[in-house]
Amino acid sequence: MSTTLSTSECTIDFPTSPAWFRSIRKLITSAATQCGFSNREAGQVSMAVDEALSNIYRHGYMGSTDGRVRFTYKTYTTPLPKIMIEIEDDAIQVDSNLIQSRDLQDIKPGGLGVHLIQTVMNHATWTKRDQGGMKLSMSKTATNTHTTPIQSAQK
Amino acid sequence: MDKSTLQIDIEVSENSTVITPLGDIDLSKSSDLRVALRPIIDAKTERIVVDLSHVPYMDSSGIATLIEGLQLSKKSNICFVLCSLQEGVRSIIELARLDQIFTIFDTREDSLAH
């Protein structure tokens, strides 16, 4: 296991299969933790990505596993741990103004995904791609970082 | 779609049913939890305890399933409670501001005692 912070970046193109979503969750949790996010915040970033992928699968591709998603992330360690994420699809285009969190006072199943994404991430913007489909750009800077053994010893 | 189903342990006692999902509850597994909950609610037990001690991760579809279970239970006058939440699951419930909606106990013993 690494004891120093490290950055990483990755672009991956995969089908809209929930089995892939699990793999992406693990990847993003690992990347966020390695660049200095706490386990809690890394888990929340992973959840935001998972919710975004679920929305593409359910609403964009209408539950089809034949859709494609292009997922890109890049992490930074300084000045604070930060992760930038882009998720592109070729699915149905929607007016980004219609992608909104619902009223949480109205307790009902469903409709939480956008709220969770917007709550967890510092920035989340949906745009229509010129080539068709949608693009979600998200970023988050860590607020609670974990301290590695080496950093503790140097202080 | 992932064809493997969510493993769920169900313990039925005189007044309570404890349902213990084993593993992540995500888009591909939340329907398994829904299918497991319906007959338990229909059986009109007094109390349903969802023990989440073996659930490291739950997405919004899992949360939606729990909300559905809570609402159906209320209609049948069944006490529907959660217990033993792991950090990741507690986090999403808090982010969705549902920690005030669900009755949550630290342990299974607490959930059965109250």
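Computed from a prediction, not measured in an experiment: that's the story for all the values here.

1. Some points on the overall build of chain B
Then comes step 1: In terms of regular secondary structure, chain B is built from four helices and five strands.
Then comes step 2: The linear arrangement of helices and strands in chain B, starting from the amino end, is β-β-α-β-α-β-α-β-α.
Then comes step 3: Projecting the C-alpha coordinates of chain B onto the three principal axes gives extents of approximately 35 × 30 × 25 Å.
Then comes step 4: Within chain B, buried positions represent 40% of all 114 residues.
Then comes step 5: Pairs at least 24 residues apart make up 73% of the contacts formed inside chain B by residues separated by at least 6 positions.

2. A look at the sheet that holds strand β3 (residues 82–89) of chain A
Pairing between sheet strands relies on hydrogen bonds along the backbone, with the strands arranged either parallel or antiparallel.
All names here are of chain A.
Then comes step 1: The strand order across the open sheet built from five strands is β1-β2-β3-β5-β4, with neighbouring strands paired in antiparallel fashion. At either margin of the open sheet sits one strand with a lone partner, and together these are β1 (9–15) and β4 (123–128). Direction aside, neighbouring strands of the sheet carry axes that sit 10 degrees apart on average.
Then comes step 2: Strand direction decides the pairing type here: β1 and strand β2 (residues 68–76), joined by seven bridges, are antiparallel. Its bridge partner being in β2, D13 is matched across the sheet by R70.
Then comes step 3: Contacting β2, β3 and β5 (134–141), helix α2 (residues 39–60) runs over the sheet at an angle of about 10 degrees to β3.

3. A short note on the confidence of the model for chain B
Then comes step 1: On average, residues of chain B carry a pLDDT of 93, and 97% of them reach 70 or more.
Then comes step 2: This prediction of the complex comes with two scores: 0.88 for pTM and 0.85 for ipTM.

4. Description of the pairing of β5 of chain A
All names here are of chain A.
Then comes step 1: Residue alternation in β5 divides its side chains into a buried set, M134, L136, M138 and K140, and an unburied set, K135, S137, S139 and T141.
Then comes step 2: Note: β3 against β5, seven bridges, orientation antiparallel. Residue pairing in the sheet places M84 in a bridge with S139 of β5.
Then comes step 3: Both β4 and β5 contribute to a ladder of six bridges, which runs antiparallel. Each bridged residue has a counterpart across the sheet, and for W126 the counterpart in β5 is L136.
Then comes step 4: Connecting the antiparallel pair β4 and β5 is a turn made up of five residues, with G132 showing a positive phi of about 105 degrees.

5. Re the interface of chain A and chain B
Then comes step 1: Counting from both sides, the interface comprises 25 residues of chain A and, opposite them, 20 residues of chain B.
Then comes step 2: The leading source of residues in the side of chain A that touches chain B is α2 of chain A, at eight residues.
Then comes step 3: A breakdown of the residues in the side of chain A that touches chain B according to their chemical character gives eleven nonpolar, nine polar and five charged.

6. Topic: the packing of α2 of chain A against helix α3 (residues 87–95) of chain B
Then comes step 1: Following both chains from N to C, one finds α2 of chain A and α3 of chain B inclined at 65 degrees, their axes separated by 10 Å at the closest point. Where α2 of chain A crosses over α3 of chain B, the two elements pack in a sense that is right-handed. Mapping the contact onto sequence places R40, G43, Q44 and M47 of chain A in α2 of chain A and E87, G88, S91 and I92 of chain B in α3 of chain B.
Then comes step 2: Within the contact of α2 of chain A with α3 of chain B, the residues separate by chemical class into two nonpolar, four polar and two charged.

7. Brief notes about unusual backbone geometry
When glycine is set aside, most residues are seen to have a negative phi, and most peptide bonds are trans.
Then comes step 1: Note that the residue after T78 of chain A, namely P79 of chain A, is joined by a cis bond; omega there is -5 degrees.
Then comes step 2: Mapped onto the secondary structure, P79 of chain A falls in the loop between β2 and β3.
Then comes step 3: For S84 of chain B, which is not glycine, the phi dihedral falls at a positive 60 degrees.
Then comes step 4: With respect to the element layout, S84 of chain B can be found in the loop between β4 (79–83) and α3.
Then comes step 5: Even without being a glycine, R97 of chain B presents a positive backbone phi close to 55 degrees.
Then comes step 6: Looking at the secondary structure, you find R97 of chain B in the loop between α3 and β5 (103–105).

Criteria and thresholds
Residues numbered from 1 in each chain as written. Chains lettered and ligands numbered in written order. Predicted model: local features only at pLDDT ≥ 70, side-chain atom pairs only at ≥ 80, totals over all residues. Helix = DSSP H or I, 4+ residues; strand = E, 2+ residues; numbered from the N terminus. Buried ≥ 20, exposed ≤ 12 C-beta atoms within 10 Å, placed from the backbone. Contact = placed C-beta atoms within 7 Å. Pairing = 2+ DSSP bridges. Axes fitted to C-alpha atoms, helices over the stretch in contact; angles between N-to-C directions. pLDDT = per-residue confidence, 0-100. Nonpolar A, V, L, I, M, F, W, Y, C, P; charged D, E, K, R; others polar. Left-handed = near helix turned anticlockwise from the far one by under 90°.

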